[in-house]
Amino acid sequence: MTESSFNEVCVLEPEDQVAPATAIVIFGATGDLTHRKIIPAFYHLQKHGRLADGCAIVGFARRPKTDQEFREELRASVEEFSHSKPVDKEMLDRLLSHVYYHQADLADPVGYRQLADRLKTLPERPAFQNRYLFYMATAPSYFETIAENLARADLAYDENAAGISRVIVEKPFGEDLKSAQHLNQTLQRFFPEQNIYRIDHYLGKETVQNLLYFRFGNSIYEPLWNRRYIDNVQITVAEKVGVEDRGGYYDATGAARDMLQNHLFQLLTLIAMEPPASLEAEAIRDEKVKVLKSIPLSSEEALIQKSVRAQYGEGMIDGRKVRPYRRESRVAPDSMTETFVALRLEVDNWRWAGVPFYLRTGKAMRQQFSEINIVFNRPPSVLFAAVCGVRLHRNSLRIRIQPNEGIHLNFNGKVPGKSVIQRVDMDFRYREDFQDYLPEAYERLMVDALVGESTLFTRKDEVEQAWRLVDGLRSAWMGQNIKELPSYGAGSLGPEEANQLLQREGRGWLPIYDY
Ligand code: BG6
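Residues numbered from 1 in each chain as written. Predicted model: local features only at pLDDT ≥ 70, side-chain atom pairs only at ≥ 80, totals over all residues. Heavy atoms only, no water.

### Some thoughts on helix 1 (residues 32-47)
Consideration 1: Relative to the 22 Å expected for 16 residues at 1.5 Å per residue, helix 1 spans 22 Å between its end C-alpha atoms, a close match to the ideal helical length.
Consideration 2: Its axis deflected by about 30 degrees at isoleucine 38, helix 1 carries its strongest bend there, up to four residues before the proline proline 40.
Consideration 3: Residues of helix 1 that are buried include every one of Thr34, His35, Ile38, Ile39, Pro40, Ala41, Phe42, Tyr43, His44, Leu45 and Gln46, and no others.
Consideration 4: Here the buried face of helix 1 lies against strand 1 (23-27), strand 2 (56-61), helix 2 (67-81), helix 3 (89-96), strand 4 (131-136) and helix 15 (441-451).
Consideration 5: Just beyond helix 1, the residue with positive phi is glycine 49, at close to 70 degrees. (Helix = DSSP H or I, 4+ residues; strand = E, 2+ residues; numbered from the N terminus. Expected span 1.5 Å × (residues − 1). Bend = angle between axes of the 7 residues up to and from the residue. Buried < 20%, exposed > 50% of the residue type's maximum accessible area, 1.4 Å probe, protein only. Contact = heavy atoms within 4.5 Å.)

Here it is in structure tokens:
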């Protein structure tokens, strides 16, 4: 075997995989998610030739509406929310010509039988035949009802029957372990596990998919990727937005359930997992679950010590005054819901024993950024380290998930002309190396669900183990008899307590870096 030329690429999957003709039924078709994410994603897939002829999209919702009215509403949404403008009118028209609206009540079995009849008469039927993708984009309280009603209307085929019927289930997948288990059991009564696609849209982000490529497609980092060389790992998902118009949902949920249980734990598993036996979905998901299972279920007392929860108070973001969380609409004035959480945990296995993982996420923070920092050990305390002490920066690898996506290696170098050592950076920036646009998470996830590729969706045991951990944390919090949560100013980087969490151990969050 000879070495490849420098620019040669290696194609792992058929590039631009085209989704086969399928009838896609969206429950909750008039909701925000459909308009902001799902339909713009289908528009981009259409534009890039990734939907086979003969795909049909049926919006299922209660409000009366004609097909034409629904199409016009979706047109306005794509024009507003598409991430690549101007919108290609011809492609959008082509997509919309295959969109239909089915008016029915989610709880009424008759509406599903009518749906089944309607699917048989659509002009695209000869192409999609019995190939269905049902997308549950409703409030979670409807998920089980939808599954049951689909089965009653004979729409829940499995691969062995005369058709394929898959379901995408939006988050939140349950609100604790018990409800997630119940939902899993119900879904599995009607759909085999391999046909259930539980969404965590973080997995569809290009930078998150790249974590596997980066870790296992290189030989220089993996030998260092363990407790011998890594001092700590920091995962931050900071948001500038507050709860906006989602006060009702958010106040009943909080940061631990809204973000930690899913997005942050997903980032953690990809960073900490062992190399999978293959690139098959199950091999990868097996390793991810093992990470979650290696996190000890700590005592309540320990969890209180190792976690911080807080709520944003008044503050300024981008020169705009932000009201305190408790004054947001549909939030209880005495709410004890956390809008920020920080957690220190350990992955107690051979690779990671003793390495702290610090996770934090919050709303109404100074800056929107999601980043994973791998912080390496200092060199031995001789030579430069002996003289500089803590001023000799630890090496760190910053993986920027969003925005300004990239990977940055920080190391120490000599300042020219002086006997001074200083931190310098080696940078990879998506926008410089790849001129193509970064596809939105939902685009990739839609194609994967349509072709039956489940790597980027969460498996039953994964979701349940993540809930087990979050339930433990929340039960420790509930046992605390406190009347107020620590607060942080909107527009700050979170509460002081989150800094102390690391300072107590002689560490600190890496400063935000301006890319
Ligand atoms: C969602 C949460 O899952 O993720 C929201 O419910 C959060 O509260 C959002 O704002 C963040 O996603 P992204 O892609 O904007 O980082």
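### Structural notes on the sheet that holds strand 1
Consideration 1: Sheet architecture is open: six strands sit in the order 3-2-1-4-5-6, paired in parallel fashion. This sheet does not close on itself; its edge strands, each paired only once, are strand 3 (99-103) and strand 6 (196-198). Averaged over all adjacent pairs, the angle separating strand axes in this sheet is 20 degrees, with direction ignored.
Consideration 2: The pairing of strand 1 with strand 4 spans five bridges and is parallel. Looking at strand 4, one finds that isoleucine 24 is bridged to leucine 133.
Consideration 3: Contacts from helix 1 reach strand 1, strand 2 and strand 4 within the one sheet, and its direction differs from that of strand 1 by about 165 degrees. (Pairing = 2+ DSSP bridges. Axes fitted to C-alpha atoms, helices over the stretch in contact; angles between N-to-C directions.)

### Describing the pattern of salt bridges
Consideration 1: In the structure shown here, the tally under the stated rule is 36 salt bridges.
Consideration 2: For lysine 65, the salt bridge goes to glutamate 73, with nearest N and O atoms at 3.0 Å.
Consideration 3: Using a relative accessible area of 17% as the deciding quantity, one classes lysine 65 as buried.
Consideration 4: Here glutamate 72 makes a salt bridge to arginine 75, at a shortest N to O gap of 3.0 Å. Separated by three residues within a single helix, glutamate 72 and arginine 75 lie in helix 2, roughly one turn from each other. (Salt bridge = Lys/Arg side-chain N within 4 Å of Asp/Glu carboxyl O.)

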